[in-house]
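The lines below spell out each chain.
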Amino acid sequence: MIRNVPNKYTKSALLQLNDMNHANAYDFFYLPIDFRNNSGNLGYAFLNLKDPLGIVALVEDFSGKRWERHKSEKVCEIAYAHIQ
């Protein structure tokens, strides 16, 4: 699970960022959209990695880092989803 995604990130923008180093490492991606408030995404995304060891590289690339686009103060967190 990718947490603290800035609301203005789109699916394609987040996938483009992820695919720079992890293009074929996952088989499922879901970024829920906030249709009720029409304000972008809900701030988290689900990413299923094909190989459990891929989490190490993902954490090194994203966890604890600020998002490059949209000048957000949010800091990315990588976590296991509550329900797998």
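Up top is the structure these notes are about.
Just so it is clear, the structure is predicted and the values come from calculations on it, not from any experiment. (Residues numbered from 1 in each chain as written. Predicted model: local features only at pLDDT ≥ 70, side-chain atom pairs only at ≥ 80, totals over all residues. Heavy atoms only, no water.)

Draft legend 1. Structural view of the nonpolar core. With 18 residues, the main nonpolar core has I2, V5, Y9, L14, F29, L47 and W67 as its most contacted residues. For this core, the secondary-structure elements that each account for two or more residues are helix 1 (11-22), strand 2 (26-30), strand 3 (44-49) and helix 2 (54-62). If you tally residues by element for this core, the top one is helix 1, at 4 residues. Residues in contact with Y9, not counting those within four places in the same chain, are L14, L17, L31, N41, W67, E68, R69 and H70. (Core = buried A, V, L, I, M, F, W, Y, C linked by side-chain atoms within 4.5 Å. Buried < 20%, exposed > 50% of the residue type's maximum accessible area, 1.4 Å probe, protein only. Helix = DSSP H or I, 4+ residues; strand = E, 2+ residues; numbered from the N terminus. Contact = heavy atoms within 4.5 Å.)

Draft legend 2. Examining the packing of aromatic side chains more closely. Here the structure, examined in full by the defined rule, presents 3 aromatic pairs. Each ring, one from Y44 and one from F46, has its centre 5.6 Å from the other, and the planes form 75 degrees; the classification is edge-to-face. The exposure class assigned to F46 is partly exposed, which follows from its relative accessible area of 27%. (Phe/Tyr/Trp six-rings, centres within 6.5 Å; stacked < 30°, edge-to-face > 60°.)

Draft legend 3. Quick peek at the pattern of salt bridges. Under the criterion given, the structure shown has 2 salt bridges. Put simply, E77 and R3 hold a salt bridge, and the shortest N to O gap is 3.8 Å. Taken together, the residues E77 in strand 4 (residues 77-78) and R3 in strand 1 (residues 2-3) connect sequence positions 74 residues apart. The class for R3 is partly exposed, based on a relative accessible area of 25%. Note that R66 is salt-bridged to E73, the shortest N-O span being 3.9 Å. For the residue pair R66 and E73, the accessibility class agrees, reading exposed in each case. (Salt bridge = Lys/Arg side-chain N within 4 Å of Asp/Glu carboxyl O.)

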